[in-house]
Amino acid sequence: NLKFNFNTGIVSQWLGEPGGIVVYNRPAWRNEVSISYGKYYGGVWVSVGLNDKGIRHPEDFGDEVDFFVGIHQSLKFLEIDLSAKYFALNDLRNSGDDALVFDGQFDFPSKLVTPYLAVRYWGEVGDKSLERGWFFRPGIKRSFSVLKKASLNLDTSLTFSDGPIG
């Protein structure tokens, strides 16, 4: 059951996870290519700030390349998603500001809403990396089918952090 996926889009500003932190307050072009096989997945995510010279001449937080691998497992009353990501931030020729990130999300599906707990560890790679630490984000979400291939997704959460990014 091998699947390929490609997403692309332009955003007016970039809201980061977790918690909707404004990472980049200008337009950016974002792309993702991924492959999955059963419960395993991996891929590359790329962002290019539209106000500068692009990915070959990175200038700011709009320019980033992320590599990721993960596993998604559905159990009777629990869905688990675990992933590891390498964030190549800003200057792609210098790893001093990069980050190694570990994510986990634990969903408890029900008919009305889905309570969840998302956990992120942000790890330093170089001397210019953002401060390392943990994020914990409990929340609830609900998805409604609007059309045959469209849905409305509602999500509310709180973010707790021990220091990284503010």
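Just so we're clear, the structure is a prediction, and the values are computed from it rather than from any experiment. (Residues numbered from 1 in each chain as written. Predicted model: local features only at pLDDT ≥ 70, side-chain atom pairs only at ≥ 80, totals over all residues. Heavy atoms only, no water.)

Participant: I'd like a description of the overall build of the protein chain, backed by residues and values.
Facilitator: Helices and strands together make up the secondary structure of the protein chain, namely zero helices and 12 strands. Reading the secondary structure of the protein chain in the N-to-C direction produces β-β-β-β-β-β-β-β-β-β-β-β. Taking all 166 residues of the protein chain together, the buried fraction comes to 31%. Carbon together with sulfur atoms contributes 60% to the accessible area of the protein chain, which is approximately 10600 Å² in total. (Helix = DSSP H or I, 4+ residues; strand = E, 2+ residues; numbered from the N terminus. Buried < 20%, exposed > 50% of the residue type's maximum accessible area, 1.4 Å probe, protein only. Areas by Shrake-Rupley, 256 points an atom, 1.4 Å probe, with all protein chains shown as cover.)

Participant: Please set out the nonpolar core residue by residue, giving values where relevant.
Facilitator: Listed in full, the six residues of the largest apolar core are Phe87, Leu89, Ala99, Val101, Trp122 and Phe135. Residue assignment for this core shows that the elements contributing at least two residues are strand E7 (79–89) and strand E8 (99–107). Every residue in contact with Phe87, bar those within four places of it in the chain, is listed here: Glu64, Val65, Asp66, Asp98, Ala99, Val101, Arg120 and Trp122. (Core = buried A, V, L, I, M, F, W, Y, C linked by side-chain atoms within 4.5 Å. Contact = heavy atoms within 4.5 Å.)

Participant: Residue-level account of the packing of aromatic side chains, with values.
Facilitator: Using the criterion set out here, one finds four aromatic pairs in the structure. Ring geometry for Phe87 against Trp122: centres 5.4 Å apart, planes inclined by 75°, an arrangement best described as edge-to-face. On the criterion of sequence distance, the pair formed by Phe87 in strand E7 and Trp122 in strand E9 (residues 114–124) is long-range, its members being 35 residues apart. Each member of the pair Phe87 and Trp122 is classed as buried. With centroids separated by 6.0 Å and ring planes inclined at 15°, the aromatic side chains of Trp134 and Phe136 adopt a geometry described as stacked. Between Lys141 and the ring centre of Tyr116, over which it is positioned, the NZ or CZ distance is 5.5 Å. (Phe/Tyr/Trp six-rings, centres within 6.5 Å; stacked < 30°, edge-to-face > 60°. Lys NZ or Arg CZ within 6 Å of the ring centre and 35° of its normal.)

Participant: Run through a nonpolar patch on the surface, naming residues and quoting values.
Facilitator: On the surface, Leu117, Trp134, Phe136, Leu158 and Phe160 cluster together into a nonpolar patch covering about 480 Å² of accessible area. Within the secondary structure, Leu158 is located in the loop between strand E11 (150–157) and strand E12 (160–161). (Patch = residues over 30% accessible without salt bridge, like charges linked within 9 Å, V, L, I, M, F, W, Y side chains within 5 Å. Salt bridge = Lys/Arg side-chain N within 4 Å of Asp/Glu carboxyl O.)

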